[in-house]
Amino acid sequence: MKSSGAEPDSLGKGLERHGGEPESAERLDFVRTIVAEDNASGKWQGRVNTRFPPEPNGYLHIGHAKSICLNFGIAAENPGGKCNLRFDDTNPCKEEQEFVDSIIADVKWLGWDWQDRLYFGSDYFGQMYEYAVQLVKAGCAYVCDLTAEETRQYRGTLTAPGKDSPFRSRTVEENLDLLARMKNGEFPDGSRTLRAKIDMAHPNLNMRDPVMYRILHESHHRTGDEWCIYPMYDWAHGLEDSIEGITHSICTLEFENHRPLYDWFLDQLGIHHPQQIEFARLNLTYTVMSKRKLFRLVAEGLVDGWDDPRMPTICGLRRRGYSPAAIRNFCRRIGINKFPGTVEIALLEHYLRQDLNKHSARVMAVLKPLKIVITNYPEGQSEELDAINNPEDPAAGIRKVPFSRELYIEQDDFMEEAPKKFYRLTPGREVRLRYAYFITCTDVVKNDQGNVVEVRCTYDPATKGGDSPDGRKVKSTLHWVCAEKSLPAEVRLYDNLFTKENPDNAEKGKDFTANLNPDSLQTLTNCRVEPSLADAKPLTRVQFERLGYFCVDADTEKQDKLIFNCTVTLRDTWARIQKKAQQKK
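About the cut-offs
Residues numbered from 1 in each chain as written. Predicted model: local features only at pLDDT ≥ 70, side-chain atom pairs only at ≥ 80, totals over all residues. Heavy atoms only, no water. Helix = DSSP H or I, 4+ residues; strand = E, 2+ residues; numbered from the N terminus. Buried < 20%, exposed > 50% of the residue type's maximum accessible area, 1.4 Å probe, protein only. Contact = heavy atoms within 4.5 Å. Areas by Shrake-Rupley, 256 points an atom, 1.4 Å probe, with all protein chains shown as cover. Lys, Arg positive; Asp, Glu negative; His and termini not counted. Charge placed at Lys NZ, Arg CZ, Asp CG, Glu CD. Disulfide = S-S within 2.5 Å. Core = buried A, V, L, I, M, F, W, Y, C linked by side-chain atoms within 4.5 Å. Phe/Tyr/Trp six-rings, centres within 6.5 Å; stacked < 30°, edge-to-face > 60°. Axes fitted to C-alpha atoms, helices over the stretch in contact; angles between N-to-C directions. Parallel < 35°, antiparallel > 145°, perpendicular 65-115°, else oblique. Nonpolar A, V, L, I, M, F, W, Y, C, P; charged D, E, K, R; others polar.

**Details of the overall build of the chain**
Part 1: In terms of helices and strands, the chain carries 15 helices and 25 strands.
Part 2: Expressed along its principal axes, the backbone C-alpha trace of the chain runs to roughly 100 × 55 × 50 Å.
Part 3: Here the chain, with 585 residues, has 52% of them falling under the buried criterion.
Part 4: At a minimum sequence separation of 6, the contacts of the chain that also span at least 24 residues come to 72%.
Part 5: A total of about 26,500 Å² of accessible surface is found on the chain, and carbon and sulfur atoms cover 47% of it.
Part 6: Taking the 79 positively charged and 87 negatively charged side chains of the chain as two groups, their mean positions are separated by 4 Å.

Shown next as structure tokens:
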């Protein structure tokens, strides 16, 4: 599969494009095992054709990324494999072009390419209708006049069979006439449906004469007012797969009970019959994945839009600073299985750190500035010091950082009265300034409230570059920026959007919104960053040394000031969890 022109880290073929760990890449999950067995048996004449079929009624989230990487990944791993991007746009009430555009952008950004295979379910409305006529002629479908509530009542329950609709015995001729008139707009919304004639006593409720078409006088985002009957998902799903020649129709687990209906429709029509395979969807701690719940967060202003960096949407993760490779590696690592479960968000952050550590330039930034004055450094003098751009990538080279008499360090890196294990700057102690010199605190300046607002220090000119010629050691290295030449910036710090691992675990009478984290966003407006970031563009990812990974926010261009989102801290919770687990063994 060719590259889509996405970010450089998306390039590659087969397993290599995922950057997955070797032990994960060597093991085949159950879906890939099925594909491999089909290839060995020649079931599909060596063809592998999957599809990713989103409904354009919202923005994609990290759960969709798992499906995207599975479907496109399987196609990429098999010679000649193909994966279609198909929009299941059969419900005009909720679908918008905005969502179509966002989904296309997200899949491209993740590094996948459908080439010329961009399809819409609405492309097949005419063919679907002809197939419906075919079933009516075969006595396998009928027009029903029951209301939606009556249809539910007639359906029965898990323990009691349903009962036949009084309209089930209509003649083929009458059904054909009514179906044509439904299509021509002669009847009001909800007055009639087309139903499959299967078995109202079937133990699987999905097989109890399911609705195939409903009347809906609603304009469609692509077909306009051409249609006033629209296919139900169970009817459209298999037909779309069949028309496109899909070999492996990979769905999430909730469609397992729908597979008999998928098979029944295709068997009755006698057309190409793909194999439907179900896998467990992704659930993450401290996260909701339901489109309905995400839509509510946006609609009620509980977050700042679909691309709010706290959201699990692909556009939200992108804005926060996630890389496509990190998401792909995570999706590969968690595997594919049949059993629902919840993945620790710390594991996602672990793979994020792994990728950002390799590819992010290092810079210095001070989030809560405290002024340092080096009293023995000449006034009016400045110099440029060499700083390493990325120790993981020697080819990234070095940059120059300005140094002068007045600097800023983090407020947390100084204590006037320090406890025993505080090794950073305190009166009388010597520390290293990253890439610069050893400095020693000699005095402090306080305001009227008694707070330290300035720290006076001396420096040792012989320690330029951060090492002492006499071999003396210091216990702490601090980051800093030049007071005069550093740039003002706003930094947004993020925490989990919810306070509970399972946001739905709410008190009686409340819902998931009761568990929203009031401290999920902290905005710092008095930050300083080194001048190398002056021309940084939105989505530029960097590491603020000793702090974490940050990304330039799109608001930088709108507000004409540097704004950074904290992508993830340097602390690796997942690595600590794994280390403790190993120690217990």
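Having seen the model, we can carry on.
**Here's the deal with the environment of S102**
Part 1: Along the polypeptide, S102 turns up in helix α4 (residues 97–109).
Part 2: The exposure class of S102 is buried, given its relative accessible area of 9%.
Part 3: It is 41 Å that separates the C-alpha atoms of S102 and D412, two residues lying 310 residues apart in sequence.
Part 4: If near-sequence neighbours (up to four positions away) are discounted, S102 is found in contact with G58 and Y59.

**Brief notes about the state of the cysteines**
Defined simply, a disulfide is a covalent bond joining two cysteines at their sulfur atoms.
Part 1: Tallied over the full model, the rule gives 0 disulfides.
Part 2: Left without a disulfide partner, C83 is nearest to the cysteine sulfur of C69, which lies 11 Å away.
Part 3: Overall, C83 belongs to the buried group, its relative accessible area being 0%.
Part 4: Of all cysteine sulfurs, the one in C551 lies closest to C566, which takes part in no disulfide; the gap is 11 Å.
Part 5: Overall, the relative accessible area of 6% leaves C566 in the buried class.

**Section: the nonpolar core**
Part 1: Counting residues in hydrophobic clusters, the biggest one holds 40 residues, and the most contacted among them are I62, V107, I327 and F330.
Part 2: Going through the elements one at a time, α3 (62–77), β2 (82–87), α4, α11 (314–320), α12 (324–334) and α13 (345–359) are the ones with two or more residues in this core.
Part 3: Counting residues per element, this core draws most heavily on α3, at 7 residues.
Part 4: Residues in contact with F330, not counting those within four places in the same chain, are I62, L282, L284, V343, L347, L348 and Y351.
Part 5: Among the nonpolar cores identified, the runner-up in size contains 37 residues, and Y131, L135, V143 and F187 belong to it.

**Looking at the packing of aromatic side chains**
Part 1: By the definition in use, this model includes 20 aromatic pairs.
Part 2: Ring centres 5.2 Å apart and planes at 35 degrees place the aromatic pair Y233 and F255 in the tilted group. Placement of Y233 in helix α8 (residues 233–244) and of F255 in the loop between β8 (248–252) and α9 (259–269) is noted, with a sequence separation of 22 residues between them.
Part 3: Here Y233 falls in the partly exposed class, since its relative accessible area comes to 25%.
Part 4: Ring centres of W235 and F265 lie 4.9 Å apart, and the angle between their planes is 75 degrees; this geometry places the pair in the edge-to-face category.

**Some remarks on the side chain of H220**
Part 1: Tracing the backbone shows H220 in the loop between β6 (211–215) and β7 (229–231).
Part 2: Contacts of H220, omitting those with residues within four sequence positions, involve D89, P92, E95, S122, F125 and Y230.

**Describing the packing of α3 against α12**
Part 1: Contact geometry for α3 and α12: axes closest at 9 Å, N-to-C directions at 80 degrees. The orientation of α3 relative to α12 falls into the category roughly perpendicular. Mapping the contact onto sequence places I62, A65, K66, C69 and E77 in α3 and I327, R328, F330, C331, R332 and I334 in α12.
Part 2: The class makeup of the residues in the contact of α3 with α12 is 7 nonpolar, no polar and 4 charged.

**Here we look at unusual backbone geometry**
Part 1: Non-glycine residue Q45 carries a positive phi angle of around 55 degrees.
Part 2: When you line up the elements, Q45 lands in the loop between α2 (30–41) and β1 (49–52).
Part 3: If you check the backbone angles, L539 has positive phi at about 80 degrees while not being a glycine.
Part 4: Within the secondary structure layout, L539 lies in the loop between β22 (521–529) and β23 (541–544).

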